[in-house]
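Listed below, chain by chain, are the residues.
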Amino acid sequence: MSKLILSSELLNRLVDGRTPSKDEAYHIYQDADRNPLELYKVSQFLRTKNKGTVVTYSRKVFFNLINLCRDTCSYCTYKSEPGQTKVSMLSKKDIITLTDVAKKHNCTEALFVTGERPEQKYQEARTWLKENGFSSTVEYLVEASEIALKGGLFPHTNAGNLTKDEMHQLKNTNVSLGLMLENSSERLSEDGMPHQFAPSKNPKARIKVLQNAGELKIPMTTGLLVGIGETPQELIDSIYAIKEIHDRYNNIQEIILQNFQPKIDTPMKSSPSPQEKYFKTFVALARIILPDMNIQIPPNLSPGSYSSFLSSGINDWGGISPITQDYVNPEFPWPRINEVDVNCANAGFSLRARFPVYPEFFHMVNPHLVEKMSEISDSENLVSAEYAK
Ligand SMILES: O=c1nc2n(C[C@H](O)[C@H](O)[C@H](O)CO)c3cc(O)ccc3cc-2c(=O)[nH]1
Ligand SMILES: C[C@H]1O[C@@H](n2cnc3c(N)ncnc32)[C@H](O)[C@@H]1O
Ligand code: MET
Ligand code: SF4
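Bear in mind that the values here come from a model prediction, so they are computed numbers and not experimental data.

Take the site of ligand 2 next. In the vicinity of ligand 2, the contacting residues are Tyr75, Met180, Glu182, Leu225, Gln258, Asn259, Phe260, Gln261, Lys263, Val328 and Asn329. Between ligand 2 and tyrosine 75, the relevant distance is 2.9 Å, taken from a nitrogen atom to a main-chain nitrogen or oxygen of the residue. Side-chain polar atom of glutamate 182 to an oxygen atom of ligand 2: 2.4 Å apart, as the coordinates give it. Relative to its free-state accessible area of 410 Å², ligand 2 is covered by the protein chains to the extent of 88%. When its residues are assigned to classes, the shell around ligand 2 shows 5 nonpolar, 4 polar and 2 charged.

Rendered as C-alpha cells:
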C-alpha cells in the first residue's frame, strides 16, 4: 500500500472540520502533487458531511448591461471599446424584453454585469447614460434591477468595485452581489502582470469592497481566477484572505473557482489554461479550508469533465442560462440543464435549482424579497429556507 501522505493527526483534524494552518495547506498542496486521491477523499467527505448529496445551480439570464470598462485586465475579452461591434448597452426596453423571455424559460436569477465605471473613461458612456435618463452606472443598475424584480426575477449584480453607498442602494432590489477577488496577491498588478492596467483589481481595494458588503450584511459571491500567473502559495493565501473576511462578517455565500481560458487578441493569448489536476487541487483545498462554504465551478469551462469535480468537493454549478450566452467566456456554451441533471445523478448527487442567494443567507436579505422568493419556491421546487440548517 502506498504511504499515507497526510499524517493521521492532521487527517483527524481535517475530517473534524478544523482548518489547517497556511503552512499545512501548502504542504497538503505539495503532497497532493504525488497523491491527489487522498486529498479528494477528505474534501469529498467534508462536502457530504456539510452539504449532503444535493448540488445546486441557478437558472439565470445574463444581462450584459454595459461592457465599456475603465480598466484593462490582460485576460478579458468581455470589455469592449467604443465603435467595436460587440459594444453592449441595454436600454430599459431591452431589459423588459429579456426579462419576459427569461420568465417564460423559468429563470429566477437576473445577473447584471458591467465593466468597471465606464463613465469615468468614456464620453460615449456618459452620453448614453444621460440620453437614457441615468446620471451614473449605479443609477442604471438600480433601475435595471427594479425592472427585473417587477418582472419576477431576482437580481444579482456584479459591476466591479462599488462604493458602500452604491451597494446600500442595490440592497433594496438585489438578493446578493458578486465581486471576484481574483487573487489576493499585489504581485499580479506589477509591470507585465495581468492586473497592471486594472487598478480595481488591487486586492486591497477588492477586500475593502467585500468588507463593506459585510458591514451592510449583503451576501456576497466572490472567487478566484485560477491560472493567471499566480503561484500555488498565492492561491492558498487568497483562499485564506476570503476566509478572514467570512470569519469576521459571515457574509461570503459562495466561492467561485474559475479556470482561466486564453482568448485570442489578448496579451494572455499564449498562456495555457490551468491543468485540471492543479485546478482540482485548489477546489479540494478550498473545501478543507472552508468546510461549510458553498463552492462553485462553472461547468461550461470544463466541458467533458465537469462532473469529475463532484468528487473533489464542489456543491454548486453557479448560474446556467437556458437563453443567454456567457458573455465573459462566449466560446464556452452552457451545458443543457437536463444533461447536468443526468451527470449529477450518475455520480450519486441530485441537482436542485436555487435562488441567487443561498437559504443560509436569507436572513440578510430585504424581507420583501424573501417573501417574494417564498411565493415561488414551492411551485418551482427551489431550495428554500427549510434547506438551511
Ligand atoms: O453567479 C455568479 N457568477 C459569476 N460569474 C460566473 C459566470 O456566471 C460564469 O459561470 C463564468 O463566466 C463561466 O464562464 C462570473 C464569472 C466571471 O468570469 C466574472 C464574474 C463573475 C461574477 C459572477 C457573479 O457575480 N455571480
Ligand atoms: C467576470 C469574471 O470573469 C472572469 N474572467 C475574465 N476573463 C476570463 C477568462 N479569460 N477566463 C476565465 N475567466 C475570466 C474574471 O474572474 C472576472 O472577474
Ligand atoms: C467581466 S468582469 C465583470 C465585472 C467587473 N468588471 C470585474 O471585473 O469585477
Ligand atoms: S475583467 Fe472586468 S475589470 Fe477587467 S477588463 Fe474585463 S470588464 Fe474590465
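Okay, back to it.
Of note, the phi angle at asparagine 106 is positive, near 60 degrees, even though the residue is not glycine. Checked against the element boundaries, asparagine 106 lands in the loop between helix 4 (92-104) and strand 2 (109-114). Classification of asparagine 106 as partly exposed rests on a relative accessible area of 43%. Of note, aspartate 265 is a non-glycine position whose phi angle comes to about 65 degrees, a positive value. Residue position: aspartate 265 is located in the loop between strand 6 (252-259) and helix 11 (276-289). The exposure class assigned to aspartate 265 is exposed, which follows from its relative accessible area of 74%.

So, about the site of ligand 3. Ligand 3 sits among Tyr78, Val113, Thr114, Asn158, Gly160, Lys201, Arg206 and Val328. With respect to ligand 3, the side chain of lysine 201 contributes an N or O atom lying 2.9 Å from an oxygen atom. Contacts to ligand 3 include arginine 206, whose side-chain N or O atom sits 3.0 Å from an oxygen atom. Protein chains bury 87% of the 290 Å² of accessible surface belonging to ligand 3 in isolation. In the shell around ligand 3, the residues fall into 3 nonpolar, 3 polar and 2 charged.

Criteria and thresholds
Residues numbered from 1 in each chain as written. Chains lettered and ligands numbered in written order. Predicted model: local features only at pLDDT ≥ 70, side-chain atom pairs only at ≥ 80, totals over all residues. Heavy atoms only, no water. Near = heavy atom within 4 Å. Polar contact = N/O pair within 3.5 Å; in protein donor to acceptor, adjacent residues only side chain to side chain. Areas by Shrake-Rupley, 256 points an atom, 1.4 Å probe, with all protein chains shown as cover. Nonpolar A, V, L, I, M, F, W, Y, C, P; charged D, E, K, R; others polar. Helix = DSSP H or I, 4+ residues; strand = E, 2+ residues; numbered from the N terminus. Buried < 20%, exposed > 50% of the residue type's maximum accessible area, 1.4 Å probe, protein only.

In short, shape yes, function no, at least from these values alone.
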